[in-house]
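An overview of the molecular structure
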Number of protein chains: 4
Amino acid sequence: MAKRLSYGMVGGGQGAFIGAVHRVAAELDRRATLVAGALGIDPEVAYQSGIELGLDPARSYRTWPEMLKGELARPANDRIDFVSIVTPNHVHYEIAMAFIEAGFHVVCEKPMVTTVEQGEALVRAVQKHKVVFGVTYNYTGYPMVKRAAELVKSGKLGQIRKVFVEYHQGWLATKLEATGQAQASWRVDPTKAGLGGAIGDIGSHAENLVSTITGLEIESVCADLTAFVPGRALDDDAAVLLRLGGGAKGVLTASQVCVGEENNLSIRVYGTEGAIAWRQENPNELHFTPRSGSRAIITRGGPEAGEGATRATRIPPGHPEGFYEAFANIYRGVCDAIVASREGRTPTGLGAEFPDVVAGLRGVRFITRVVESARQGGVWTRI
Amino acid sequence: MAKRLSYGMVGGGQGAFIGAVHRVAAELDRRATLVAGALGIDPEVAYQSGIELGLDPARSYRTWPEMLKGELARPANDRIDFVSIVTPNHVHYEIAMAFIEAGFHVVCEKPMVTTVEQGEALVRAVQKHKVVFGVTYNYTGYPMVKRAAELVKSGKLGQIRKVFVEYHQGWLATKLEATGQAQASWRVDPTKAGLGGAIGDIGSHAENLVSTITGLEIESVCADLTAFVPGRALDDDAAVLLRLGGGAKGVLTASQVCVGEENNLSIRVYGTEGAIAWRQENPNELHFTPRSGSRAIITRGGPEAGEGATRATRIPPGHPEGFYEAFANIYRGVCDAIVASREGRTPTGLGAEFPDVVAGLRGVRFITRVVESARQGGVWTRI
Amino acid sequence: MAKRLSYGMVGGGQGAFIGAVHRVAAELDRRATLVAGALGIDPEVAYQSGIELGLDPARSYRTWPEMLKGELARPANDRIDFVSIVTPNHVHYEIAMAFIEAGFHVVCEKPMVTTVEQGEALVRAVQKHKVVFGVTYNYTGYPMVKRAAELVKSGKLGQIRKVFVEYHQGWLATKLEATGQAQASWRVDPTKAGLGGAIGDIGSHAENLVSTITGLEIESVCADLTAFVPGRALDDDAAVLLRLGGGAKGVLTASQVCVGEENNLSIRVYGTEGAIAWRQENPNELHFTPRSGSRAIITRGGPEAGEGATRATRIPPGHPEGFYEAFANIYRGVCDAIVASREGRTPTGLGAEFPDVVAGLRGVRFITRVVESARQGGVWTRI
Amino acid sequence: MAKRLSYGMVGGGQGAFIGAVHRVAAELDRRATLVAGALGIDPEVAYQSGIELGLDPARSYRTWPEMLKGELARPANDRIDFVSIVTPNHVHYEIAMAFIEAGFHVVCEKPMVTTVEQGEALVRAVQKHKVVFGVTYNYTGYPMVKRAAELVKSGKLGQIRKVFVEYHQGWLATKLEATGQAQASWRVDPTKAGLGGAIGDIGSHAENLVSTITGLEIESVCADLTAFVPGRALDDDAAVLLRLGGGAKGVLTASQVCVGEENNLSIRVYGTEGAIAWRQENPNELHFTPRSGSRAIITRGGPEAGEGATRATRIPPGHPEGFYEAFANIYRGVCDAIVASREGRTPTGLGAEFPDVVAGLRGVRFITRVVESARQGGVWTRI
């Protein structure tokens, strides 16, 4: 059993949702222990949140710069191994850069940053400081997504022709932000969310799913963004035509006004020889149809689950793994990569598969170009 | 029980597929009897096909002009009541116009004609000659499609915001036309199919489904058409962004290269107050989700089927009705309308609900504008 | 194209449901034409029903004995080829026997008769008079049921171990018969329905499905029958443990008080090497799972549909066939067998696959033994 | 946030599967920390397993009596709060009794013990020593199971008439135990598993699900148990007819030879006014059908999830929770009850809902009576 790593968290204290998810994910496999935190923008909330979580008061910092300083002041073998950044989008860059430059490994929420320039700077910094950097495109952690990518790579789909990806939610169909709801409020605020509304918040997950499964670059986009709910500055609905490498095409839609939809993220990929389909709300199944055969339902843990998915699996088939477990696979990958890095090894398996800083940049570029295309009324725009 | 009408058929003889479907559909409810035909382009095939179907040899015509002449030569009360035109697309216009001008009612396959001008001329002719004209957008005949339209009309969805419609098949993923397969061959040939490949053959069904259910006009389109199989002159894949009346938006995709897909036609409509989803391959169910409630599975014949669907239903819930029964509903509607017309009544129910010549023109206009948008590289184009 | 046969119908006139279904089924493929009838127990209703259906008044008989006499009085080449018996159960025997003895072929509703002795007598009569006799266990006509039987026969399931079959409806969950509803009233009346309520009406379909697919005899039963709705003389719910040939076991349940269920007939068969599952409400799919592979969704008309299902299929995959089409396959089989019989051939294909008089007897025996087992408080009873 | 409790574990060390699941479940919500263990039957394996899990070597005991003694030797405020017993079935009793008598709270795997007498003794001991005792009928922890129970209790189903429950697996369809596979080997061994094979291992989960959701007692059973795989001493397949309180009836099937099935546990309950259906492999959905309405798909976290399910939920709807999360709900309940007990409060919510020692006894009684019924060839046997 691998030794547990130590980590700190920035953001994610009282009242936050995603912070708690990160903590469950990080600790599910006993691979990491929270030992430090700057758990909020308000110094007192940050401190109290850490105390409630049982942190050593000395390591429940009031601000992230204090945390950075405090951890650096500790002996090298008693510092956090990595930091998890779970703040709103607009402060990711500054925090991530500071920790990278201090030599810490990083896990960062998506979208990674709010401009392409910031993204490029982070890529350079990660390369220079040789740190491990994971972006929590968490859906990529589902075992059946790994199986899908494996099927594409193995040639079972032949040449990819068409990709349909969609992420539809309904929770922002009304003006929820007007009620003060925290999750809604920062997401519809351009100063916190960045350029994109739905396209940034959930469209970027869809984009990452396409990249992860097909291995193809999205080369250009033609987009139509809409703010259906009156008074919104950012899109709450996005439809994007895609052109991908190798002549493939695609359609990506992301919407937060599809009433009745919860987290309906799905992808279908059609090649010359076969097709796959996967849906996040029923994630333990992957459909695969060869060109001249019947549709097969491949299950997590089942007889055709494959190597990559099996590595990302904890319990037997028919016992559903869900959102937490997929999210935890990102953390397992990061932990594996950190350990490999220390031991001078090239990471393999989960340690080589999590979305990294380059995937983070790819996502930011995608959002940026989609917004540009839409602003010009739907012109095909290169990425 | 209503008196049976008499009809003749043009096209649809030996080797044809859709002709037999029309005959089953026309006769399923004992509302019409085939009494005449010009059942093919080859005069001998046409004649023999009629004989095999048990037609009176005198009414198994070798060509449609002979049939038109022959039927007009009969006493007015012993002629066909209507003609069904099931030839390839490029000859619909000429035949339809000739029969309309002779005062016959018409059922015509879709797409109705190959140019907007022809479509407009047919609309004028139908209005002038006061004939009943039905276009076999057969999917519109499914009871649950009627229920969907009823829910929209009743306001249960509120204001429509977003429509996703798709029709995906896989049968043309390889170059099937190179094997001489009849169905494939004319569909990929611009001289027979018209401007559109997949967009005309199946995309037009998707368009009609949108119009029928939402009651909204598609105002402009931004399209990307592709011929994935090398050597094809027409598209075998289409992706179209839609803008509809009332500020609604949509995405329409039609593809014949989605390997493993059979006739995966589906529509999802999201409004401010509710959403619906329907899928042709499981047509006896309609999903309805109110904004603040659980998804309900409305079944054909079930407790919330509604009036329109019930009228279009023959057997109890849980006993599936399928493709033939939906198709037959178009014919029932046409027969009802013909009877109403004779009796000087305004048709109601099924007789008021089938796709008419205006719907046929709408479809032709849609295909034409989509092709124009795509040829210009994806420019938003008004319909 | 085969010549159309002529048939007459006993029962099934005004107000009846199943008669109309038989007529659609018989005529869907243009294989048979209704030319005579004694369409009800009330002579006037019978006569008027025939007139409404367009029968020659001379052949719209007031009673079935008149019909028998009238048809025999016609020239041999101008009589009905077969008779369809769609009356309530208690009069099947007398009518069927009379027509058999006069040399007519017969289609009979299920359960075929109300006692084992009657069933045995019919078997002898059919053998003696060499007539074709079909029982409308209509669910057996679904193409995917044929595919299921083929998979079992081919050994893909290995040795059968376990069968789960159920037919659950909810329409009799309240005392519907008290409202005078016709379908409910005779079904709950032992003088018309026979020994069994739910077990006879729908349990017998489940039994036939087991026999048809597995090819195994049910050797003994242990049953619990219940009349949940107060005041019912017959069961409205049945649970039966089965022991089948070859050491297989099974569970059969039939209920008409499962609120919300429509016609939820399903079967799952597990063998040493594979398993199948099929559900009537989504009949175009068959699930097959090999012991060490993924579940495959075999579709009607699809690449693994097999020979028997293809023979029973009219339209391409993805265009649903339903209840009528399955029912029509029984009629096609009977017509094929009649033609083969005339030509002195052994019928093959559909003509060899429809449920015959032996299947009808098997069903009656099953119902009888189940009722015996239940009356003794659930004793294992041999069939 | 509640203070974390300390617990020890007996069994579940190296090579064990379920021990790791318990640890994830216990710690997922940061409610309990593993501080002691006797993690295996082999003393050295037990010790090493504890070291690997990071236990203080002084508390990684070689045997459970040592652990009991060791913990009692510590100051009262520094002992384990409860013990988790995850050994094979035959030793549960002895261990549980010892810890209860020493005043420790207990979590115990199911089936709780191997005889009714042992079960009754444990019930008395728990009552006498006033300890909290949870049995890990883990499926009961799923939020939608709580919702189902709530719907029954609220009267939405009216009077319960019929229950269908099944738990079908395929992993023992071949003689897996002959390969030495650990999970298979003890389960098919009567000296370790007890009286029941499939009926004990998984049938007991089905029984608990019935009790939990319907609130009805199973009053008598009529069973057919089979060992399909040659050479097995215990059943690998069970079919049981049920009679429940209030005149309800049911069918329970449990099988480990259903090839292709993973953990297909499902329940359907029909009452006079409505019905529910739930399936473990897709656990975030619950189907509810009122007698005169459409089927509704109630989702975990969705608008009709209800109070009990919401309490048992961590993340928003559409983000699947799975097996671990349900299992963790049992531990949350036990922890809540321990805290309430210390504070002299009556537990509520999760603390009042987990399966307790009485449920454990009920399960043992059920298994015992089913085996008795089957041994007598299927006689109705009172529970």
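First things first, this report covers the structure right here in the doc. This one's a predicted model, so the numbers in the text were calculated from it and none came from an experiment.

**Focus on the relation of the copies chain C and chain A**
Both copies of the chain are placed relative to one another by a rotation about an axis and a shift along it. When chain C is fitted to chain A, the residual RMSD is 0.0 Å, and the transformation amounts to a turn of 180 degrees plus an axial shift of 0.0 Å. Such a turn and shift between the copies fits a two-fold axis. Considering only C-alpha atoms, the part of chain C nearest the rotation axis is C:Ala296, at 2.2 Å. Most of the interface of chain C is mirrored in chain A, where 100% of its interface residues are also at the interface.

**Considering the interface of chain C and chain A**
Contact with chain C, which involves nine residues of that partner, is made by nine residues of chain A. Together chain C and chain A conceal approximately 740 Å² of surface at their shared face, both sides included; 54% is due to carbon and sulfur atoms. At the boundary of chain C with chain A, the tally comes to zero salt bridges. Viewed at the interface, chain A and chain C are joined by four residue pairs in polar contact (both at pLDDT 80 or more). Class assignment for the residues of the side of chain C that touches chain A results in four nonpolar, three polar and two charged.

**Here's the deal with the pattern of salt bridges**
Applying the stated criterion across every chain yields a total of 114 salt bridges over all chains. A salt bridge links A:Arg311 to A:Glu307, with the shortest nitrogen-to-oxygen separation between them at 3.6 Å. Here A:Arg311 pairs with A:Glu307, and both are found in helix α10 (residues 306-311), just four residues apart, close to one helical turn. A relative accessible area of 32% places A:Arg311 in the partly exposed class. For D:Arg59, the salt bridge goes to D:Glu71, with nearest N and O atoms at 2.8 Å. A residue pair is termed long-range when its members are at least 10 positions apart, and D:Arg59 in the loop between α2 (43-52) and α3 (64-72) and D:Glu71 in helix α3 qualify at twelve residues. By relative accessible area, D:Arg59 is classed as buried at 7%. Each member of the salt-bridge network shares a partner with another, and the members are A:Asp29, A:Arg300, A:Arg314, A:Glu321 and A:Arg332.

**Structural notes on the packing of aromatic side chains**
Inspection of every chain in the model, using the stated rule, returns 44 aromatic pairs over all chains. Geometrically, the ring pair formed by A:Tyr7 and A:Phe82 is stacked, given 5.2 Å between the ring centres and 10 degrees between the ring planes. Of this pair, A:Tyr7 sits in strand β1 (residues 5-10) while A:Phe82 sits in strand β3 (residues 82-85), and the two are 75 residues apart along the sequence. Taking relative accessible area as the criterion, A:Phe82 reaches 0% and is therefore assigned buried. When the ring of D:Tyr7 is compared with that of D:Tyr331, the centres are 6.4 Å apart and the planes differ by 50 degrees; the resulting orientation is tilted. Of this pair, D:Tyr7 sits in strand β1 (residues 5-10) while D:Tyr331 sits in helix α11 (residues 323-342), and the two are 324 residues apart along the sequence.

**Looking at the relation of the copies chain D and chain C**
The two copies are related by a screw motion: chain D maps onto chain C through a turn of 180 degrees and a shift of 0.0 Å along the axis, at an RMSD of 0.0 Å. When the interface residues of chain D are mapped onto chain C, 100% of them again lie at the interface, so the same face is used by both copies.

About the cut-offs
For every chain, the first residue of the written sequence is number 1, and numbering continues from 1 along that sequence. Ligands are numbered from 1 and chains lettered from A, in the order in which they are written. Local features are withheld for residues below a pLDDT of 70 in this predicted model, meaning they are given only at 70 or higher, and side-chain atom pairs are given and counted only at 80 or more; totals for whole chains, interfaces and linings count all residues. The side-chain values count all of the structure's non-hydrogen atoms but skip hydrogen atoms and water molecules. The fit set for superposing copies consists of C-alpha atoms from residues with pLDDT of at least 70 in both; the fit itself is least squares. The contact criterion used throughout is that any non-hydrogen atoms of two residues lie within 4.5 Å. Buried area is calculated as the accessible area (1.4 Å probe) missing from two parts once they are joined, with the contributions of both summed. Criterion for a salt bridge: a side-chain nitrogen of Lys or Arg within 4 Å of a carboxyl oxygen of Asp or Glu. Counting of polar contacts relies on pairs of N or O atoms within 3.5 Å, with two restrictions inside protein: one atom must be capable of donating a hydrogen and the other of accepting it, and residues adjacent in sequence are counted only when both atoms are side-chain atoms. Each residue gets one of three labels, nonpolar for Ala, Val, Leu, Ile, Met, Phe, Trp, Tyr, Cys and Pro, charged for Asp, Glu, Lys and Arg, and polar for the others, Gly among them. Elements are defined by DSSP. Helices are runs of H or I of four residues or more, strands are runs of E of two residues or more, and each kind is numbered from the N terminus. Exposure categories follow from relative accessible area, calculated using a 1.4 Å probe and restricted to protein chains: below 20% of the type maximum is buried, above 50% is exposed, and the middle band is partly exposed. Centres within 6.5 Å are what make two rings of Phe, Tyr or Trp a pair, Trp counting through its six-membered ring; a difference in plane orientation under 30 degrees is then read as stacked, over 60 as edge-to-face, and the rest as tilted.

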